[in-house]
Amino acid sequence: MIGKLSGRVDYRSTDHVMLDVRGVGYMVYCSDRTLASLPAAGEPVALYTDLLVREDLLQLFGFTSLVEKEWHRLLMSVQGIGAKASLSILGALGQDGVSRAIALGDWNSLKAAKGVGPKTAQRVVIELKDKAPGVMAMLGGAPQIHDLGEVFESPVPKPRPAHVPSAQADALSALGNLGYVPGEAAAAVAELGAEMDGADAAALIRAALKKLAPKS
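The rules we used
- Every chain is numbered on its own, with residues counted from 1 as its sequence reads.
- Only residues with pLDDT of at least 70 are given local features in this predicted model, and only at 80 or more are side-chain atom pairs given and counted; all residues enter the totals for whole chains, interfaces and linings.
- Based on all heavy atoms of the structure, the side-chain values leave hydrogens and waters out of the count.
- Strands here are runs of E lasting at least two residues and helices are runs of H or I lasting at least four, both read from the DSSP assignment and numbered beginning at the N terminus.
- Every residue pair with non-hydrogen atoms within 4.5 Å of one another is taken to be in contact.
- In short, DSSP must find at least two bridges between two strands for them to pair.
- To get an axis, a line is fitted to the C-alpha atoms, and for a helix only the part in contact is used. The angle between two axes follows their N-to-C directions and goes from 0 to 180 degrees.
- Residues grouped as a nonpolar core are buried Ala, Val, Leu, Ile, Met, Phe, Trp, Tyr and Cys residues, joined through side-chain atoms within 4.5 Å.
- Exposure categories follow from relative accessible area, calculated using a 1.4 Å probe and restricted to protein chains: below 20% of the type maximum is buried, above 50% is exposed, and the middle band is partly exposed.
- Take a side-chain nitrogen of Lys or Arg and a carboxyl oxygen of Asp or Glu: if they are within 4 Å of each other, that pair is a salt bridge.
- An angle below 35 degrees is treated as roughly parallel, one above 145 as roughly antiparallel, one from 65 to 115 as roughly perpendicular, and anything else as oblique.
- In this scheme, a crossing is called left-handed if the near helix is turned counterclockwise away from the far one by less than a right angle; it is called right-handed if the turn is clockwise.
- Polar here means any residue other than Ala, Val, Leu, Ile, Met, Phe, Trp, Tyr, Cys and Pro, which are nonpolar, and Asp, Glu, Lys and Arg, which are charged; Gly is therefore polar.

A. Here's a closer look at the side chain of Thr120. By the secondary structure assignment, Thr120 is in helix 5 (residues 118–128). Setting aside residues no more than four positions away along its own chain, Thr120 makes contact with Gly80 and Ile81.

As structure tokens, then:
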């Protein structure tokens, strides 16, 4: 299994990138969002990858983080969601948007992705809602592409680091330790994370406790 590739961008197409890894070219399919984030031809880059194996096909898919890769794997497990639809969802919403939509049961957001109808979007929410907390908990510690070290003899230039919502992951973990149901905690943290952009874990925890408190 090929789990990560580090090399240089040979060229970018509309749905894939060719990576030159020490003289070997790898065609890696990516979402629109991931393709837009990649550097120009000749520049070093690294991608986490997932290999799709069929009788007549070997196809690599590339991701900028392990969280994005995990959502792709989970989306592909839903009936009616193939690789193309999964990349469409990730391209439209991003890993944080997918986490938030599924935790909140917001199938309308998923429906906005090209090729995803209302029935399929609802199925995604129903089948993956219980798994959203586990993926959201990864957000605080999962490395991004920019943390992956060296390509060839020289270090990968480090652009401004991508935002990793560790506060949401920490808040989710704290709520779990307090005994809150993972699905309810994830929905609360996802909703508050969108409302309180930039809030730290303590602020999110206080707001979530108030939101989850029994209504008198």
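B. Representation of the sheet that holds strand 3 (residues 24–29) within the structure. Pairing is mixed in the closed barrel, where five strands are placed in the order 1-2-3-5-4. Each strand of the sheet is rotated relative to its neighbour by a mean of 55 degrees, with strand direction disregarded. In this sheet, strand 4 (residues 44–54) lies alongside strand 1 (residues 4–12) in antiparallel orientation, the contact comprising five bridges. Bridging across to strand 4, Gly7 finds its partner in Val45. The sheet contacts of helix 2 (residues 66–76) involve strand 4 and strand 5 (57–63), and relative to strand 4 the element is tilted by about 15 degrees.

C. Examining the nonpolar core more closely. Judged by nonpolar contacts, the single largest core of 41 residues is most densely connected at Trp71, Ile89, Ile102, Leu110, Val124 and Leu128. Mapped onto this core, the elements with two or more residues apiece are strand 5, helix 2, helix 3 (83–104), helix 5, helix 6 (132–138), helix 7 (166–177), helix 8 (182–195) and helix 9 (201–212). Considering each element in turn, this core owes the most residues, nine residues, to helix 3. Other than its neighbours up to four places away in sequence, Leu128 contacts Trp71, Leu74, Leu75, Ser77, Val78 and Ile102. One finds Val9, Val17, Leu19 and Leu35 within the second-largest nonpolar core, a separate group that totals 12 residues.

D. Structural view of the pattern of salt bridges. Scanning the entire structure with this criterion turns up two salt bridges. Where Glu191 meets Lys211, a salt bridge forms, and the shortest distance between an N and an O atom there is 3.4 Å. On the criterion of sequence distance, the pair formed by Glu191 in helix 8 and Lys211 in helix 9 is long-range, its members being 20 residues apart. Glu191 sits in the partly exposed class, given a relative accessible area of 28%.

E. Representation of the packing of helix 7 against helix 9. Here helix 7 crosses helix 9 at 45 degrees, and the two axes come no closer than 8 Å. Looking at the two axes, helix 7 sits oblique to helix 9. In terms of crossing hand, the pair formed by helix 7 and helix 9 is right-handed. Between helix 7 and helix 9, the contacting residues are Ala167, Gln168, Asp170, Ala171, Ala174 and Leu175 on the first element and Ala201, Leu204, Ile205, Ala208, Leu209 and Leu212 on the second. Of the residues assigned to the contact of helix 7 with helix 9, the class counts are 10 nonpolar, one polar and one charged.

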